[in-house]
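Coordinate analysis (summary)
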Amino acid sequence: MKVEDVRIHESWKNVLKDEFQKPYFMEIKNHLLLSKSEGKTVYPPGSKIFNAFDSTHFNEVKVVIVGQDPYHGPGEAMGLSFSVPRGKRIPPSLLNIYKEMKEDLGYDMPRHGDLSSWADQGVFLLNSILTVEHKLASSHKKIGWMIFTDAVISQLSNLRKNLIFMLWGKFAQSKSDLIDQTKHHVLQAPHPSPLARGGYFGSKHFSKANDILTKTNQSQINWKIE
């Protein structure tokens, strides 16, 4: 896969051009092509695989929210971690994120699960695995995506400063070693999944992030979902 073939913003292409040339990235491409030739359904659609990178330009990232892999039901995955298109049922983890946001900031519960407005403001909604097979969670865990997204986190850590990394759950928190915490801010909490038995609630990461942005002379995020 050539860098010019990847549908992401030019700012990311410049930062990640070396990754696109590495053998593991060609293996990712080959795996996806093989899946297609075998008639398998892969989410999200090709045009949305790098949606997070297209929506939030490298130099505009303020907050990074790390997810695991895309939703694996029809029409759910849209290339932004935790986000689903309007009209789709709000998944349980996102519903808990909304409950925490309401408790933290006082906003009404959103009626849809599209987080594009966050991405447009500099919230980089990064899944560690960028594709998944229909109804098979974590099915693309070992095809190379995590090498790529670990490199993404490392480049953000190395080339930017005063970013806020929201690491929810043990999987996301395992990425903390990639982040230079002398330059950046790491907020950790249990995963918002109902399986975490409510440990996520009370983390107040939304207000904490805006406080950090203010203290570092950056504009706050409007977390309200209209």
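Below is a summary of the structure that appears in this document. Only a predicted model underlies this, so the values are computations on that prediction, with no experimental measurement involved.

**Focus on the side chain of Glu100**
- One can find Glu100 in helix 4 (residues 92-105).
- Notably, Glu100 is buried but unbridged: the nearest opposite-charge side chain belongs to Lys204, and the N-O separation is 5.6 Å.
- Polar side-chain contacts of Glu100 include one of 2.7 Å to the backbone nitrogen of Gly202.
- Within the local environment of Glu100, its side chain forms a polar contact with the backbone nitrogen of Lys204, the two atoms lying 2.8 Å apart.
- In this structure Glu100 touches Tyr200, Phe201, Gly202, Ser203, Lys204 and Phe206, once residues within four positions along its chain are discounted.

**Overview of the pattern of salt bridges**
- Taken as a whole and assessed by the stated rule, the structure comprises 4 salt bridges.
- A salt bridge links Lys22 to Glu19; the nearest nitrogen and oxygen atoms lie 2.9 Å apart.
- Judged by relative accessible area, Lys22 falls into the partly exposed class, the value being 36%.
- Residues Glu38 and Lys40 are paired through a salt bridge, measuring 3.2 Å at the closest nitrogen-oxygen approach.
- A relative accessible area of 47% places Glu38 in the partly exposed class.

**Re the environment of Ala151**
- For Ala151, the location among the structural elements is in helix 6 (residues 145-159).
- For Ala151 and Ser117, which are 34 residues apart along the polypeptide, the C-alpha to C-alpha distance reads 25 Å.

How each quantity is defined
Residues numbered from 1 in each chain as written. Predicted model: local features only at pLDDT ≥ 70, side-chain atom pairs only at ≥ 80, totals over all residues. Heavy atoms only, no water. Helix = DSSP H or I, 4+ residues; strand = E, 2+ residues; numbered from the N terminus. Buried < 20%, exposed > 50% of the residue type's maximum accessible area, 1.4 Å probe, protein only. Lys, Arg positive; Asp, Glu negative; His and termini not counted. Salt bridge = Lys/Arg side-chain N within 4 Å of Asp/Glu carboxyl O. Polar contact = N/O pair within 3.5 Å; in protein donor to acceptor, adjacent residues only side chain to side chain. Contact = heavy atoms within 4.5 Å.

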